[in-house]
Structure formats: C-alpha cells, structure tokens
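Below, each chain spelled out in residue letters.
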Amino acid sequence: RMSSKAGGDAFLSGSSRGSMAYLNGEWKLHEECSIPLDDQSFRYGYGAFDTLRTFNGKIFRPDAHIRRFQKTLKAVALPQPFSDEEWIALLQECADRNEGIREKWGDHWISVRVSPNTVIIEAQPIPWSQRAHLYRDGAKVSTPSIRRTPPECLPPRAKLHQYVNQILGDLEVKGNDPEAWSVMLDTRGYVSEGKSYNFFIVTNDGKIKTARPNFVLEGVARLTVLECAKDVGIQAEECDYDLHEVYQASEAFITATSLCVLPVKSVNGRALSGGVPGPVTKKLQAAYSGMAGLDLVQQYLDHLGSSAAGKIVQN
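K.L.:
Explain unusual backbone geometry to me, and be specific about the residues and the numbers.
P.N.:
Omega for the peptide link from Val276 to Pro277 comes to -15°, which places this bond in the cis form. Secondary-structure assignment places Pro277 in the loop between β17 (270-271) and α11 (279-292). Here the phi dihedral of Asn24 falls at roughly 50°; this positive angle occurs in a residue that is not glycine. For Asn24, a relative accessible area of 42% translates into the label partly exposed. Even without a glycine there, the phi angle at Cys260 is positive, about 65°.

K.L.:
Break down the pairing of strand β9 (residues 139-142) for me, with residues and values.
P.N.:
What you see with β9 is a clean split: Ala139 and Val141 sit on the buried side and Lys140 and Ser142 on the side with no burial. Of the strand pairs in this sheet, β9 and strand β16 (residues 260-267) are connected by three bridges, and their pairing is parallel. Counted as the bridge partner of Lys140 is Ser266 from β16. Alignment of β9 against strand β10 (residues 180-185), held across three bridges, turns out to be parallel. When the sheet's bridge partners are listed, Val141 is paired in β10 with Trp181.

K.L.:
If you had to explain the packing of aromatic side chains to someone new, which residues and values would you point to?
P.N.:
Counting across every chain of the model gives ten aromatic pairs. Residues Tyr135 and Tyr300 carry aromatic rings whose centres are separated by 4.3 Å and whose planes lie at 15° to one another, so their mutual orientation is stacked. Of this pair, Tyr135 sits in helix α7 (residues 134-137) while Tyr300 sits in helix α12 (residues 296-301), and the two are 165 residues apart along the sequence. The pair formed by Tyr135 and Tyr300 is uniform in burial state, with each residue classed as buried. Grouping aromatic residues by their ring pairs yields a cluster made of Phe55, Phe60 and Tyr288. In this arrangement the basic side chain of Arg53 is found over the ring face of Phe55, its NZ or CZ atom lying 3.7 Å from the centre. Its end group placed over the ring of Trp181, Lys174 keeps NZ or CZ at 5.8 Å from the ring centre.

K.L.:
An account of the environment of Phe199 is requested, with residue identities and associated values reported.
P.N.:
Mapped onto the fold, Phe199 is located in strand β12 (residues 198-202). Assessed through its relative accessible area of 2%, Phe199 is described here as buried. Counting along the chain gives 54 residues from Phe199 to Phe253, while the straight-line C-alpha distance between them is 6.1 Å. The contacts of Phe199, once residues within four sequence positions are left out, are Val141, Val183, Val191, Lys209, Thr210, Tyr241, Val246, Ala252, Phe253, Ile254, Val264 and Val267.

Analysis parameters
Residues numbered from 1 in each chain as written. Predicted model: local features only at pLDDT ≥ 70, side-chain atom pairs only at ≥ 80, totals over all residues. Heavy atoms only, no water. Helix = DSSP H or I, 4+ residues; strand = E, 2+ residues; numbered from the N terminus. Buried < 20%, exposed > 50% of the residue type's maximum accessible area, 1.4 Å probe, protein only. Pairing = 2+ DSSP bridges. Phe/Tyr/Trp six-rings, centres within 6.5 Å; stacked < 30°, edge-to-face > 60°. Lys NZ or Arg CZ within 6 Å of the ring centre and 35° of its normal. Contact = heavy atoms within 4.5 Å.

See the structure below:
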C-alpha cells in the first residue's frame, strides 16, 4: 500500500498534515490515509477528480462542480457511488471537519477523487502568500511549444488524472521564467487553456473572449465569469482566437477555482495596455466577489508580506 506519509511533508504539499480526509467510507487524518499499490489511477491515470473551494468555510457552487464531476465519471465509465446530493453533503462534511484548522489555513480547496477502487475527499490549503502579489502586479503568461492534447485524442471536458500534457507545457514555461503561467495553444494554433485554469482576453471594445468549451475544460470559475459578465452587461464570446488577437487585447485574466479572476500583465513578454487589473477585469472581480459573499481580491491582498509555507500544487 502507498501511504500519504511517503516522501514526508513535501508529498503532503507542505501543509496538509493534520487535516481530515475521507477514504473509502472512513474519515482519517490525511497522513494516515493510504491507497492500494494496484490502484488504477496511480498505475495508469485512470481516475477522475474535481476541486472546489470554500468562502468563509462554505463550499462555493458545489452543484456545478458535482454535475461536471458526475458527467466525467460517466464519460470514462468510472463508478458513480453517490448521488449529487450525497456528494455535496460529503464535500461540506469535509469542510466542516476541517473548520478547526481553517483559521490557520484560511479558506481551502476541497478535492474529490475517484478511481475504480478508491474514493477520496480531502482538504488542502490555498497558497495565499505565494499568490498575493499577483492581484497587485498581475501574472505573466507564456505559451509553450507543446500543444494541448486535441479532443479527438482525449476529452478535455472530462477532468481526469491525465495532466502530463499540461505539466510538460508548464515545465517548459517555468524553465524559462519560474514566475510565468503557462497557457497552451491547441493543435490548430488557437488559444486553449493552462495547467488547471482557463484564459480570457478583453478586446479594445470591452468584450471578453475565451476558448470554445469543446476544446477546454469547462471550469466552474469560467462559467461564473460568463454569468457575471451577463449580469453586469459585458459581452462575452466563446470562440477560436489566436495570439494575433491576444496581442491586440487591452486586458487578460485567468480563471480557476481558487484564483477566481486573476489579472494578467503580459503575454510572451508583451505588456497589456489596459492596466493591472484593467477596468473590465475589476468589474468582473467585483461581480464574482458579490456571488462569493466576500472580497476575493482583498482576501489575497491580506496575505501580502506573509511568509510562504512550502510548495503547493496548483489546482
């Protein structure tokens, strides 16, 4: 059996020790959990997952995450052991069982993972201090030479334990600039997605664009931004667009479960003209904060100057 104790604290992303996790019907300390060595997700990548986050201890949009997760399980013939309502109850139970350490962590990720013989629900801290400056300064984005796996080879709308393609792109980008965030192109040359996040541009006339959903994972943060855009009167388009259009854009931003709306300051070394964050990005951050019930930007900025606590896996 492979234990989460293997590799010490580095294996636990530096800070999950002491949290409670669900493993095949039992609640255990994270460091006491183990999986069989013949687990097919570990051996072959045959597994699925979804990652949610809390705001003030309450999971955000669990219904949307679980609908996507159930579709992923069905698409790749993995077990569906629980109904939507049962999954949501278990996820919130995980958050509740870890409420005692939320003061130490702040809000956290709640992840669910399923393979043919394993079900895991776990809490992980969000790396607030490592990311706080990005909400003030913006993120640098680079496109690697490695292209995103096309949908005729692997369904991008299924959130699977198949991230080597994105990881290789991320390694290439960070090999050139450790602070850069990878956004891949697809095999047709159009903008795709990052390792665990979607990408948007803002055109000079204030419209937002993001890749079509049949070529990327339909992120819940992506969905939330599209809904926010409609609510505040910003025109949104899901379409094919290339780097030529990116270089004309006034703003850009990344969306992800924990990041929500992260402003981008440059793409492949080319600064964006609209400011960091630009007016459209700010408007969407405010609308997203309204849905979440707290100021998502300030939650990060409150950690400026905090000491980083180990290497955290991006989700």
